[in-house]
Protein chains: 2
Amino acid sequence: MSDLIRRVVIVGGTHGNELTGIYLVKKFQQFPHLLHRPSLECTTLLANPDAIAANRRYIDRDLNRCFANEDLANPALTSYEDKRAKQIAAQLGPKSQPKADVIIDLHSTTANMGLTILPSSRHPFNLRLAAYLSTLDPLVRVCCGLQCNQDAPMLRSLSPLGCTIEVGAIAQGVINADYLQQTERLVHHILDYLDAVNQGKDLPIPPSLEVYQVIASVDYPRNASGDLQAMIHPHLQFKDYEPLCDGDPMFLTFTGESILYQGENTVYPIFINEAAYYEKKIAMTLTHKQQISLETV
Amino acid sequence: MSDLIRRVVIVGGTHGNELTGIYLVKKFQQFPHLLHRPSLECTTLLANPDAIAANRRYIDRDLNRCFANEDLANPALTSYEDKRAKQIAAQLGPKSQPKADVIIDLHSTTANMGLTILPSSRHPFNLRLAAYLSTLDPLVRVCCGLQCNQDAPMLRSLSPLGCTIEVGAIAQGVINADYLQQTERLVHHILDYLDAVNQGKDLPIPPSLEVYQVIASVDYPRNASGDLQAMIHPHLQFKDYEPLCDGDPMFLTFTGESILYQGENTVYPIFINEAAYYEKKIAMTLTHKQQISLETV
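Model, not experiment: these values are computed from the prediction.

1. Some remarks on the pattern of salt bridges
All names here are of chain A.
Next, step 1: For the structure on display, the rule yields 19 salt bridges over all chains.
Next, step 2: We note a salt bridge from Lys280 to Asp62, for which the minimum N-O separation is 2.7 Å. Placement of Lys280 in the loop between strand 11 (268–270) and strand 12 (284–293) and of Asp62 in the loop between helix 2 (49–54) and helix 3 (69–72) is noted, with a sequence separation of 218 residues between them.
Next, step 3: Relative accessible area serves as the criterion here: at 25%, Lys280 is assigned to the partly exposed category.
Next, step 4: The exposure class assigned to Asp62 is buried, which follows from its relative accessible area of 5%.
Next, step 5: Through salt bridges that share partners, Glu18, Arg57, Asp62 and Lys280 make up one connected network.

Here's what the structure looks like:
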């Protein structure tokens, strides 16, 4: 990677029913001057056109799980999304030598995750950018996935720099104007930051960054046939990023019994009741809260 | 129709991604004693099994628009949902001589419609039932569609008695425990009411009923290609059933201009930002509020 950030790609529609990113990218395509910054070449990409047209997350397979290097190199994988991933990797990658310096992938979630930044890696550049953004808006939170690096199968992993932005709660197939505007502001803050860095300007970075580090996912209680036996407990619904302690209710069975969280450590669940994760067997993702010093990274 | 209500059918999964009704019906199928009432034969139906399996509203066509008499009689209509509608009509209908005395069809919406009762017709029986339910829970509201009769193409139209229950706001593909429990309570109140009527018991009915009568639907502003040019205004989002007056903001364009409601009469929008209605060209449905005397119906 060069010392300067040049090529920035704003991606929407990696999931075809997450309209926030799709309509923001369409807006940027209609008004490209909005993305102009003196030191940047900023382009846009609608990642999954067939899924967007069908208003579905994907046609054959989740595109945002198709970017593992071994899958990209496997000619036997020929589903619509596998082919699309190879096209996008040819355009923006390869991971070892990305053509895009920074990738920003715009998503939404039915979980109440506000404006969540998922950095593409723990590269100090990403952490400083995330810290800068978190000073601008209290809704901004920063979360590192289990694979917070280029081994991840997400589109964002095509470059070590950049992030996914997850906004919610937003229902699939719906545009929420408030969240669309907040996401747009975040994109502009990111571009302004990148441009300032290129120009050697110092923007205020706090000395440390609060990161929610994913530790595990939890499935819904199911019977032997895989059918759901319980739902997210009403006390936990929409409580993403709030502490979950030993004995707190987690699920409610259809017959009315509460299932409690059991664990010595307080955790901070996210992606609570994300619609697209029922099929992935994820009712929520548990995180630990960490404080990362930005002076030592 | 006989003087007594005997056969009651609780329907879920008319739309395959509205999980509230689907999981309630599955619960009733697992625990049928929950539906037992001395004077009733209560059965359940999962209306669109393929759409439920696919977690999509429908496979080929919206099943809840396939029940117009002319469509049911048209052998040229052979989509999955058309065939399914004919099977269901054979099972519960025909409309002229229904085998089901009362049909309760359980739906959810991404609009903030609380617990909405959409009576199958303005039959006094339905209005009294709706009035009874509205006394039990302030979240219950009663709405009559443009075709509030058996000419409607909805599944509920197979019988003059009964209703659709619309609960929300709930994202597609998500179970919201609170709303699931509230919907279940409503089903039990309905069955208790039907059983009481059969047994000649008087349940308290208020002298009048507030009804939101649909007058028109409003599409999103679109360009010549049909692309959206605006979204629901943040001031209107989740404000179903609240008054919308001349000059109130209705839409917000992607470039930030507000589009105002213009009309002499105050209206009460519902189905605001329903995900499934983008393709039907409905941004919201406007209603008038009416007071119906139950002493004269």
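Next comes the rest of the description.
2. With respect to the side chain of Ser39(B)
Residues and elements named next belong to chain B.
Next, step 1: As for its position among the elements, Ser39 is in the loop between helix 1 (19–30) and strand 2 (41–46).
Next, step 2: The buried category is assigned to Ser39, whose relative accessible area is 11%.
Next, step 3: At a separation of 2.5 Å, a polar atom in the side chain of Ser39 contacts the side chain of Asp195.
Next, step 4: With near-sequence residues (within four places) excluded, Ser39 lies in contact with Ile5, Arg6, Asp195 and Asn198.

3. Looking at the packing of aromatic side chains
Next, step 1: On inspection of all chains with the given rule, the structure shows 16 aromatic pairs over all chains.
Next, step 2: Taking 4.6 Å as the distance between ring centres and 65 degrees as the angle between the ring planes, the aromatic pair formed by Tyr212(B) and Tyr241(B) counts as edge-to-face. Residue Tyr212(B) is located in strand 7 (residues 208–218), and its partner Tyr241(B) is located in the loop between strand 8 (230–232) and strand 9 (249–253); the two are separated by 29 residues in the primary sequence.
Next, step 3: The exposure class assigned to Tyr241(B) is buried, which follows from its relative accessible area of 5%.
Next, step 4: Grouping aromatic residues by their ring pairs yields a cluster made of Phe125(A), Tyr132(A) and Tyr193(A).

4. Describing the relation of the copies chain A and chain B
Next, step 1: Superposition record for chain A on chain B: RMSD 0.0 Å, screw rotation 180 degrees, translation along axis 0.0 Å. Such a combination of rotation and displacement between the chain copies is what one expects of a two-fold axis. Residue Ala171(A), judged by its C-alpha, is the member of chain A lying nearest the rotation axis, at 2.2 Å.
Next, step 2: Both copies contact each other with a shared surface, as 100% of the interface residues of chain A are interface residues in chain B too.

Calculation criteria
Residues numbered from 1 in each chain as written. Chains lettered and ligands numbered in written order. Predicted model: local features only at pLDDT ≥ 70, side-chain atom pairs only at ≥ 80, totals over all residues. Heavy atoms only, no water. Salt bridge = Lys/Arg side-chain N within 4 Å of Asp/Glu carboxyl O. Helix = DSSP H or I, 4+ residues; strand = E, 2+ residues; numbered from the N terminus. Buried < 20%, exposed > 50% of the residue type's maximum accessible area, 1.4 Å probe, protein only. Polar contact = N/O pair within 3.5 Å; in protein donor to acceptor, adjacent residues only side chain to side chain. Contact = heavy atoms within 4.5 Å. Phe/Tyr/Trp six-rings, centres within 6.5 Å; stacked < 30°, edge-to-face > 60°. Least-squares fit on C-alpha atoms with pLDDT ≥ 70 in both.

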